[in-house]
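# Descriptive analysis of the structure
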Amino acid sequence: MANLVITIDGPAASGKSTVARLLAERLGASFLDTGSMYRAVTLAAIEGGVDMSDEEKLLSVFDNRKFQFAVREGRMAVSIDGLDVTEQIRRQEVTANARYIASAVKVREKLVEMQRQFAAREKKIVTEGRDQGTVAFPNADVKFYLTADTGERAKRRQNELRTRGGLESLERIQDAIEERDKSDQDREVGPLRPAEDAIVVDTTDLGIEEVVEKLLRCVEEKCLKRDQK
Ligand code: DC
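Think of each chain on its own: its residues are numbered from 1, step by step along the sequence as written. pLDDT decides what is reported in this predicted model: residues at 70 or higher carry local features, side-chain atom pairs at 80 or more are listed and counted, and totals for whole chains, interfaces and linings draw on all residues regardless. Side-chain metrics in this entry use all non-hydrogen atoms of the structure; hydrogen atoms and water are not considered.

Turning to the site of the ligand, a few remarks are in order. Inspection of the region around the ligand gives 15 residues, with Arg 39, Arg 108, Arg 130, Asp 131 and Arg 180 positioned closest. Two N or O atoms form a polar contact when they lie within 3.5 Å of each other; inside protein one atom must be a possible hydrogen donor and the other a possible acceptor, and for residues adjacent in sequence the pair counts only when both atoms belong to side chains. Arg 187 has a polar side-chain atom sitting 3.2 Å from an oxygen atom of the ligand. A 1.4 Å probe and the Shrake-Rupley method give the accessible areas. Residues count as covered only by the protein chains that appear here. Protein chains bury 95% of the 450 Å² of accessible surface belonging to the ligand in isolation. Numbering goes from the N terminus for both helices and strands, where a helix is a DSSP run of H or I of at least four residues and a strand is a run of E of at least two. At the level of secondary structure, the elements contributing two or more residues to the shell around the ligand comprise helix H2 (34-47), helix H4 (92-102) and helix H8 (170-186). Looking at the shell around the ligand element by element, the count peaks at 4 residues for H2. Any residue with at least one heavy atom within 4 Å of a molecule or strand is counted as near it.

Structure below.
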C-alpha cells in the first residue's frame, strides 16, 4: 500500500477532480479519479447494450472488455480495449447512466478492489470520488470532503461544459446536479457522505488555488503530527 494516501470525496462539480490533480502534483503523488472508472464501465455497458439493472451482466463487462487507467499529462486517461475513451466518458449519456453502475454492489466491490491495487503500486496517492475515505481507504492518512452550494457548482459545471461547446442552461444543469446528489446520497452501497474523520471544506467562495493551499496545509500539519508520534 502507498505510504501516503489522501482521499477527497464530495458531490458532483465540487471541484474535487481539479483539486485532487493539483494537490497530487504539489505532493509528487499519483492521482486517481475514481469517477472515471464508473464512467468507463457505464460506457462499456451502453456500448454492449447491457441491461443496467442486471448486476451479473454488468459484472461480465469486466471479463469482456479491458479497462486501463493511467495518468497522462497530469490527467486520468482511460482506455477500453486499447482505445482511448477519455473524452467519450464525459458524454451526457454516460453521466446520466453512471448512477446505475454506481448502485451495483458487485461492480462497486470490483472497482474498489482495482482502486486498492492502484494504491498498492504507488508510493503516494491522492484519490477522489464519493467513497474513498469511507469504503476504499478507511485508514487513509488524510481525508477531505469538499462541498459547495448547488448554485455555485452549477456555474462551475456550466463553464466546464462551455469549454466543450455545451450550451445547456444553468437551470437544467442545477436540476441535474441536485438529482445526482440525491442518487449519490441515497445509494445503499458507498453512499456519498463525509467520513467521520474527514476535514470538511466548503469551496463555495474559494478559488481552486486557495483550496489547494488549504488542503496542502492540512496535509503538512497532519503528517507532521503523525511523523512526530
Ligand atoms: O465524479 P464523477 O462525476 O466523474 O462520477 C461519475 C459517477 O460515478 C457518478 O454517478 C458518481 C459515481 N461515483 C461513485 O459512485 N463512487 C466514486 N468513488 C466515484 C464516482
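From this point, things continue past the structure.
Following the sequence through the fold, Gln 132 ends up in helix H6 (residues 132-136). Side chain to side chain, Gln 132 and Thr 127 meet in a polar contact 2.7 Å long. Should any heavy atoms of two residues lie within 4.5 Å, those residues are counted as being in contact. When neighbours within four sequence positions are excluded, Gln 132 is seen to be in contact with Thr 7, Asp 9, Thr 34, Gln 115, Thr 127, Phe 137 and Pro 138.

Time to look at the packing of aromatic side chains. In this scheme Phe, Tyr and Trp rings, the latter by its six-membered ring, pair at centre separations within 6.5 Å, and the angle between planes marks the pair as stacked below 30 degrees, edge-to-face above 60, and tilted otherwise. This structure, assessed with the given rule, holds 1 aromatic pair. Note on Phe 62 and Phe 67: the rings are 5.7 Å apart at their centroids and 55 degrees apart in plane angle, and the pair reads as tilted. Partly exposed describes any residue whose relative accessible area lies between the buried limit of under 20% and the exposed limit of over 50%, with all areas from a 1.4 Å probe on protein chains only and scaled to the type maximum. By relative accessible area, which is 13% here, Phe 62 ends up buried. Look at NZ for Lys and CZ for Arg. If either is within 6 Å of the ring centre and within 35 degrees of the ring normal, a charge sits over the ring. Over the aromatic face of Phe 62 sits the side chain of Lys 110, whose NZ or CZ is 5.7 Å from the ring centroid.

Our next topic: unusual backbone geometry. Unusually for a residue other than glycine, Ala 13 sits at a positive phi of about 60 degrees. If you trace the backbone, Ala 13 turns up in the loop between strand E1 (4-9) and helix H1 (16-27). Look at Ala 13 and you get buried, because its relative accessible area is 13%. Although it is not a glycine, Asp 81 sits at a positive phi angle of roughly 50 degrees.

With that settled, consider the pairing of strand E2 (residues 30-33). Each regular strand shows side chains that alternate between the opposite faces of the sheet. Taking every second residue as pointing to the same face, both faces of E2 are buried, with Ser 30 and Leu 32 on one and Phe 31 and Asp 33 on the other. Relative to strand E6 (residues 124-129), E2 runs parallel, the two sharing 4 bridges. In the sheet register, Ser 30 faces E6, and the bridge partner there is Ile 125. For two strands to count as paired, DSSP must find a minimum of two bridges between them.

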